[in-house]
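One letter stands for each residue in the lines below.
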Amino acid sequence: MGRVFAAAIVAVGISASVSTAGAATYSLFELVPLTGDTRSYAEAINDSGVVVGESSGSGSTTATLWDGSTPTALAPLTGDTSSYAEAINDSGVVVGDSYGSGSTTATVWDGSTPTAPAPLTGGTFSQAEAINDSGVVVGNSNGSGSTTPTIWDTDGTPTALAPLTGASFSRAYAINDSGVVVGISRFTNPSTYTATLWDGSSTTLLNPLSGGTDSRAWAINDSGVVVGDSSGGSIINSQTATVWDTDGTPTALAPLSGGTRSNAYAINDSGVVAGYSSGGTLVGGVRATIWGTDGLAIDLMSELDLSGSGWLLSVALGINSSGQITGYGTNPDGLQRGFVLTECGDTCGPDAPIYSPPLSPVPLPAGAWLLLSALGGLGLAGWRRKRVETG
């Protein structure tokens, strides 16, 4: 959630040290996997600092909640083998999916017990992608026909979101506290993908950058500002992080110096955007990046105190209203790990205080991923998952 390019960047804890060479801004907290697992992945963080993601490496993937240093498993539905979380709201309710025997079922964890909201009438498949602070869930289900963007009310009733005329399919990925939903639609003549916004009965296309052909929307804040990626901009036909203001105007968020691609996955209520830069001469091929309210890219690795020594930060996937950032990278031992970055200001240093857990942690789950390389290439299943492109 967040505001667009208007609020002062200091308001979310990104201090003047961001622009001061050699000055640390953040301390890093490593999110360890569940006992017996070897990898962790952080998908989202709420305003209390609760993180959800996955733990894997022991034969299955398990949705995981971090309330500080201790990971908590979030079980799949009865009979399933794996669980994944996509989002957590400020009440601590988590949404994601449960997998088993080739099936995928949207899942809600309110506490540690998983429940499954019903798909559209006649459906057998569902996915939950996001939840707002009112408890309204958005995702996709197949109903009696093709997979359709779906919104579940607080009582679990599913409602299909109207597709765009001419679209061969659509997917929904995010919802804000006003109930506005964003995602993508695919068209076949010509073959393009277009970021899409649903506001009640109204459906709107969000055009790509000038000269581009495709766009995708991954997140929307409570002011209605949307972030994602599109082709076009300064590097025609290359993926470029994009922010759409409330009038639908797209603005490019350029990658870090030396990069050729960028993508934006989250935006907080002060307009700070989180994502990644990749390609070109960037070390590791992909680097976690934030963009301040001035639209300039900031390399998060250059902002760490000594708690981040030896880390490669690959992707930033979430940012809360306090400016805490979560994502994944590679730790000094070469292991895939989720992380939380917390602004440390004058206390930055090897013993700086890091990652303050909530006073009343709530158990919850996480998002799906498929690691392709230790340097941060992320392959994600089908249309559901965000993709990291390193070329």
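Residues numbered from 1 in each chain as written. Predicted model: local features only at pLDDT ≥ 70, side-chain atom pairs only at ≥ 80, totals over all residues. Heavy atoms only, no water.

### Structural notes on the overall build of the protein
Operational definition: Working definition: helices are DSSP H or I runs of at least four residues, strands are E runs of at least two. Numbering for both runs from the N terminus. The buried label applies to any residue whose accessible area, calculated with a 1.4 Å probe on protein chains only, is under 20% of its type's maximum; exposed applies above 50%, and partly exposed to all values in between. Any two residues whose heavy atoms approach within 4.5 Å are treated as being in contact. Using a 1.4 Å probe, accessible areas were evaluated by the Shrake-Rupley method; residue-level cover was limited to the displayed protein chains.
The helix and strand tally for the protein stands at zero helices and 30 strands. When burial is assessed residue by residue, the protein has 58% of its 391 residues classed as buried. Restricting to contacts in the protein with at least 6 residues of sequence separation, those with at least 24 account for 49%. A total of about 14,200 Å² of accessible surface is found on the protein, and carbon and sulfur atoms cover 52% of it.

### Focus: a negative patch on the surface
We apply this condition: Like charges are joined within 9 Å and nonpolar side chains (Val, Leu, Ile, Met, Phe, Trp, Tyr) within 5 Å, but only among residues with over 30% relative accessible area and no salt bridge; these make up the patches. A pair is scored as a salt bridge if a Lys or Arg side-chain nitrogen falls within 4 Å of a carboxyl oxygen belonging to Asp or Glu. In this tally Asp and Glu are treated as negative and Lys and Arg as positive; neither His nor the chain ends contributes. Charged groups are reduced to one reference atom each: NZ for lysine, CZ for arginine, CG for aspartic acid, CD for glutamic acid.
Taken together, Asp47, Asp90, Asp133, Asp177 and Asp269 make up a surface patch of like negative charges. By the secondary structure assignment, Asp90 is in the loop between strand E6 (82–88) and strand E7 (94–100).

### Observations regarding the environment of Pro255
Its place among the elements puts Pro255 in the loop between strand E21 (250–253) and strand E22 (261–267). With 36 residues separating them in the primary sequence, Pro255 and Trp291 have C-alpha atoms 9.4 Å apart. Aside from chain neighbours lying at most four places away, what touches Pro255 is Thr260, Arg261, Ser262, Ser277 and Ala297.

### A short note on the environment of Gly280
Structurally, the position occupied by Gly280 is in the loop between strand E23 (273–278) and strand E24 (286–291). Each C-alpha atom of the pair Gly280 and Ser257 lies 9.0 Å from the other, and the pair is 23 residues apart in sequence. Dropping the residues within four chain positions of it, Gly280 is found in contact with Gly258 and Thr260.

### Focus: the packing of aromatic side chains
Given two aromatic rings, one states the distance between the centres and the angle between the planes to describe the pair. To keep things clear, this is the line we draw: Each Phe, Tyr or Trp ring, with Trp reduced to its six-membered ring, pairs with another whose centre is within 6.5 Å; inter-plane angles below 30 degrees give stacked pairs, above 60 give edge-to-face pairs, and intermediate values give tilted ones.
Across all of its chains, the model carries five aromatic pairs by this definition. Pairing Tyr84 with Tyr99 gives two aromatic rings, centres 4.8 Å apart and planes at 85°, and the pair type is edge-to-face. In this pair, Tyr84 is assigned in strand E6 and Tyr99 in strand E7, connecting sequence segments 15 residues apart. For Tyr84, a relative accessible area of 14% puts it in the buried group. Classification of Tyr99 by relative accessible area gives partly exposed; the value is 23%.

### Looking at unusual backbone geometry
Residues other than glycine seldom take positive phi values, yet Ser101 does so here, at roughly 50°. Tracing the chain through its elements places Ser101 in the loop between E7 and strand E8 (103–109).

### Considerations on the pattern of salt bridges
Evaluated as defined, the whole model comprises three salt bridges. Where Glu30 meets Arg337, a salt bridge forms, and the shortest distance between an N and an O atom there is 2.9 Å. Here Glu30, found in strand E1 (residues 26–31), pairs with Arg337, found in strand E28 (residues 336–343); they are 307 residues apart in sequence, far enough to count as distant. Here Glu30 falls in the partly exposed class, since its relative accessible area comes to 27%.

### Points about the sheet that holds strand E17 (residues 202–206)
Here is the rule: Strand pairing is defined by DSSP finding a minimum of two bridges between the two strands. Helix axes use the C-alpha atoms of the stretch in contact, all axes being lines fitted to C-alpha atoms, and the angles between their N-to-C directions lie in the range 0 to 180 degrees.
If you walk across this open sheet you meet the four strands as E14-E15-E16-E17, and the pairing is antiparallel. Sheet topology places strand E14 (167–175) and E17 at the edges, where each strand pairs with a single neighbour. Neighbour-to-neighbour, the strand axes of this sheet turn through a mean angle of 30°, independent of strand direction. Here strand E16 (residues 191–199) runs beside E17; their pairing, made up of five bridges, is antiparallel. Following the sheet pairing, Trp198 is matched in E17 by Thr203.

### Description of the nonpolar core
We apply this condition: Remark: nonpolar core denotes a set of buried residues (Ala, Val, Leu, Ile, Met, Phe, Trp, Tyr, Cys) joined through side-chain atoms within 4.5 Å.
By size, the foremost hydrophobic cluster in this structure holds 17 residues, and its most contacted members are Ile290, Leu300, Leu313, Ile325 and Leu341. Among the elements of the structure, E1, E24, strand E26 (312–319) and E28 are those that each provide at least two residues to this core. At three residues, E26 tops the list of elements feeding residues into this core. Apart from residues no more than four positions distant in its own chain, Leu300 is found in contact with Tyr26, Ala288, Thr289, Ile290, Leu313, Ala316, Ile325 and Leu341. Core analysis: the next-biggest nonpolar cluster, separate from the first, contains twelve residues, Tyr265, Tyr276, Val286 and Val315 among them.

### Here we look at the sheet that holds strand E13 (residues 158–160)
Taken in spatial order, the four strands line up as E10-E11-E12-E13 in an open sheet, and their pairing is antiparallel. Each edge of the open sheet is held by one strand with a lone partner, namely strand E10 (126–131) and E13. Averaged over all pairs of adjacent strands, the angle between strand axes in this sheet comes to 30°, irrespective of strand direction. Note that E10 and strand E11 (residues 137–141) share five bridges and pair antiparallel. Following the sheet pairing, Gln127 is matched in E11 by Asn140.

### Quick notes on the confidence of the model for the protein
In plain terms, the rule: The score called pLDDT rates the predictor's confidence residue by residue, from a low of 0 to a high of 100.
Scored by pLDDT, the protein comes out at a mean of 83, with 81% of its residues at no less than 70. For the stretch residues 1–22, pLDDT sits under 50, and the model shows 66 contacts to residues farther than four places along the chain or on other chains. Here residues 357–385 is a poorly scored stretch, pLDDT under 50, and it has 117 contacts once near neighbours within four places are set aside; other chains count.

### Here's the deal with the pairing of strand E2 (residues 39–45)
Remember that side chains alternate between the two faces of the sheet whenever the strand is regular. The buried fraction of E2 amounts to six of the seven residues, a majority that puts the element mostly inside the structure. In this sheet, strand E3 (residues 51–56) lies alongside E2 in antiparallel orientation, the contact comprising six bridges. Residue pairing in the sheet places Ala44 in a bridge with Val52 of E3. In sequence, E2 turns back onto E3 through a hairpin of five residues, with Gly49 there showing a positive phi of about 85°.

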